[in-house]
Amino acid sequence: MRKKVFISIISWLFMLFSNTLSLAENNFLKLVEGDCIKCHPSNIREVNERGALHKTEVTCIDCHEEHPPQGKNIIPECSACHSPDTSSHYAVKDCKKCHHPHYPKEMDLSKINNVKPACVSCHPTEGQENHTYPSAHSELDCKKCHSTHGESTACMECHETHSPEMNAEDCFLCHKPHRPAAIKYDAVVPPALCTACHDETVNTVDNHGGAHKSVKCIDCHRQHPPAEKNVIPKCSLCHAPSDKPHYKVENCASCHHPHSPMEMDLSKADNVTSACASCHPAADKEMKAYPSEHAELGCNECHVKHGESPSCFICHSNKTHTQEMALNDCLRCHKPHMPLEVIYGEGIDSSFCLSCHELVGKKMSTVSHTKHHELRCVYCHKNKHKNLLKCKICHGKPHKYEIHAKFPDCHTCHQDPHGLIK
């Protein structure tokens with residue numbers, strides 16, 4: 001009797017459970033976004049804190065369209081949102097090797113073999129640079145430098161710096177990580193960094209650069225090899241031909257070295273006179289206005305180095321007026337670009353004059369007994385060779401004026417001022 005009652009109760013419970021389950025299936029409540037956190041708080045926290053676009057652009061239910069026991073479409077395919085038709089990166093297979101759905105931008109690439117194809121599919125510019133400008137970097141897998149997505153290994157972990165003062169930011173002024181051998185600078189690079197590789201050149205500019213010292217290296221060298229253009233600039237970039245006649249002269253490098261422009265070895269230049277004249281018009285004018293043997297010479301025959309002149313005695317060693325003469329004595333009367341136009345001041349000793357005018361000196365010392373022989377030559381021949389003062393400047397009205405008035409020219413009687421007898 002009891003056994004029958006027990007079996008009846010079990011049968012009744014089973015029927016009740018079946019009817020309840022059937023009723024639940026027919027009246028299943030659809031899950032909403034707020035329900036997920038009830039069972040999956042850690043997953044919700046991951047998405048909220050690290051989900052990137054998976055937090056802002058989609059909800060849990062957008063991805064997880066079904067939930068057991070209602071359905072089995074729990075984990076969706078990435079292509080549902082990331083269609084391969086929209087990006088080459090989305091065509092890469094096995095997304096989960098790099099991306100976790102709840103924090104897709106946090107990738108530990110160190111655990112993945114040959115990650116470069118995936119990387120370049122999303123970073124085509126960097127991939128193209130690696131290909132176009134091959135270097136040792138091109139042969140590396142991306143994870144060698146980027147073990148974590150968005151982070152880079154410091155240059156100093158693999159490379160020695162050019163100089164002890166350099167830091168990682170200095171490296172990037174010239175070297176781009178995906179084209180390191182193709183030096184390119186977009187920002188200002190101080191000459192101190194150039195010194196690391198071009199020490200001798202920078203020192204030359206510092207010590208002998210003239211006005212070029214005031215400009216930065218990259219002001220002239222706007223590109224660096226292996227670039228082919230704008231590495232060596234044209235001088236006209238700064239020295240416009242319209243500014244000065246000298247800037248119109250072609251082939252600047254035949255005289256000027258860019259790093260020491262004022263130290264010119266003119267001995268190696270051909271036909272340098274026209275270039276010199278364009279920068280020194282006054283000297284050129286003197287040479288043309290007062291022709292001499294100097295005017296027939298090329299400028300570089302005297303001026304082998306710019307700004308320097310040889311001693312007169314190199315050419316005129318046997319023609320000095322006196323043995324005691326020094327170079328500065330020559331320049332007291334003779335100007336190098338108009339040497340025959342003798343111009344002097346009042347301090348010239350008569351011995352300089354008498355070396356050419358020996359007969360005059362002899363007369364003045366042996367024949368003349370007037371005060372003339374007591375005077376220096378420049379007293380009467382003032383300022384310029386062959387100048388002669390008029391007698392009246394010193395003598396006023398001549399003696400016995402009534403008689404001499406008939407002869408207004410003193411030289412009528414006193415023909416030789418150097419041989420006058422008292």
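Residues numbered from 1 in each chain as written. Predicted model: local features only at pLDDT ≥ 70, side-chain atom pairs only at ≥ 80, totals over all residues. Heavy atoms only, no water.

Quick look at the overall build of the protein chain
Per the secondary structure count, the protein chain includes 20 helices and zero strands. Over its C-alpha atoms the protein chain spans a radius of gyration of 50 Å, topping by over 25% the 22 Å that the globule rule assigns to 422 residues. With respect to the principal axes defined by its C-alpha atoms, the protein chain has extents near 190 × 45 × 35 Å. Taking all contacts inside the protein chain whose residues are at least 6 apart in sequence as the whole, residues at least 24 apart take part in 55%. As displayed, the protein chain offers around 31300 Å² of accessible surface, 58% of which is attributable to carbon and sulfur atoms. The distance from the centre of the 47 positive side-chain charges to the centre of the 51 negative ones in the protein chain is 5 Å. (Helix = DSSP H or I, 4+ residues; strand = E, 2+ residues; numbered from the N terminus. Rg over C-alpha atoms; globule rule 2.2 N^0.38 Å. Contact = heavy atoms within 4.5 Å. Areas by Shrake-Rupley, 256 points an atom, 1.4 Å probe, with all protein chains shown as cover. Lys, Arg positive; Asp, Glu negative; His and termini not counted. Charge placed at Lys NZ, Arg CZ, Asp CG, Glu CD.)

Brief notes about the environment of Gly298
With respect to the helices, strands and loops of the structure, Gly298 is situated in the loop between α13 (281–289) and α14 (299–302). For Gly298, a relative accessible area of 18% translates into the label buried. Taking the C-alpha atoms as reference points, Gly298 and Lys335, separated by 37 residues in sequence, lie 17 Å from one another. (Buried < 20%, exposed > 50% of the residue type's maximum accessible area, 1.4 Å probe, protein only.)

Side note on the side chain of His102
Among the secondary structure elements, His102 is positioned in the loop between α5 (60–63) and α6 (116–122). Classification of His102 as buried rests on a relative accessible area of 18%. Separated by 3.3 Å, the side chains of His102 and Glu46 make a polar contact. If we skip the residues at most four places from it in the chain, His102 touches Asn43, Glu46, Val47, Arg50, Gly51 and His64. (Polar contact = N/O pair within 3.5 Å; in protein donor to acceptor, adjacent residues only side chain to side chain.)

Describing the side chain of Ser260
Tracing the chain through its elements places Ser260 in the loop between α11 (217–220) and α12 (273–279). Note on Ser260: relative accessible area 10%, which makes it buried. Setting aside chain neighbours within four positions, we find Ser260 in contact with Thr204 and His208.

Structural notes on the nonpolar core
Ranked by size, the top nonpolar core spans 11 residues in total: Met166, Cys171, Leu173, Cys174, Ile183, Tyr185, Val189, Leu193, Cys194, Val202 and Ile218. Counting only elements with at least two residues in this core, the list comes to α8 (168–174) and α9 (191–195). When residues in this core are grouped by element, the largest group, three residues, is from α8. If near-sequence neighbours (up to four positions away) are discounted, Val202 is found in contact with Pro191, Cys194, Thr195 and Cys217. Of all hydrophobic cores here, the second largest spans eight residues; its members include Met325, Cys333, Ile348 and Phe352. (Core = buried A, V, L, I, M, F, W, Y, C linked by side-chain atoms within 4.5 Å.)

With respect to the confidence of the model for the protein chain
Mean pLDDT over the protein chain works out to 86, with 91% of the residues at or above the 70 mark. Within the model, pLDDT remains below 50 along residues 19–24, and this stretch shows zero contacts once partners closer than five positions in the same chain are excluded. (pLDDT = per-residue confidence, 0-100.)

Some points on the pattern of salt bridges
Under the counting rule described, the total for this entry stands at nine salt bridges. For the salt bridge of Asp416 with Lys363, the shortest nitrogen-to-oxygen distance reads 2.6 Å. Of this pair, Asp416 sits in the segment after α20 (401–404) while Lys363 sits in helix α17 (residues 358–366), and the two are 53 residues apart along the sequence. A residue is classified by how much of its surface remains accessible, and Asp416, at 26% relative accessible area, is partly exposed. Residue classification places Lys363 among the partly exposed residues on the basis of a relative accessible area of 28%. The network of salt bridges with shared partners includes Lys176, Lys184 and Asp186. (Salt bridge = Lys/Arg side-chain N within 4 Å of Asp/Glu carboxyl O.)

What to know about a negative patch on the surface
A cluster of acidic side chains, namely Glu33, Asp62, Glu65 and Glu66, defines a negative patch on the protein surface. Note that Glu65 resides in the loop between α5 and α6. When its relative accessible area of 55% is taken as the criterion, Glu65 is described as exposed. (Patch = residues over 30% accessible without salt bridge, like charges linked within 9 Å, V, L, I, M, F, W, Y side chains within 5 Å.)

A word on the packing of aromatic side chains
Tallied over the full model, the rule gives zero aromatic pairs. The cationic tip of Lys382 hangs over the ring face of Tyr379; the distance from NZ or CZ to the ring centre is 5.4 Å. (Phe/Tyr/Trp six-rings, centres within 6.5 Å; stacked < 30°, edge-to-face > 60°. Lys NZ or Arg CZ within 6 Å of the ring centre and 35° of its normal.)

Focus: unusual backbone geometry
Residue Pro69 is reached from Pro68 by a cis peptide bond, and omega for that bond is 0 degrees. Positionally, Pro69 belongs in the loop between α5 and α6. Pro226 follows Pro225 through a cis peptide bond whose omega is 15 degrees. Relative to the helices and strands, Pro226 resides in the loop between α11 and α12. Of note, the phi angle at Lys386 is positive, near 75 degrees, even though the residue is not glycine. Relative to the assigned elements, Lys386 resides in the loop between α18 (377–380) and α19 (391–395). Assessed through its relative accessible area of 72%, Lys386 is described here as exposed.

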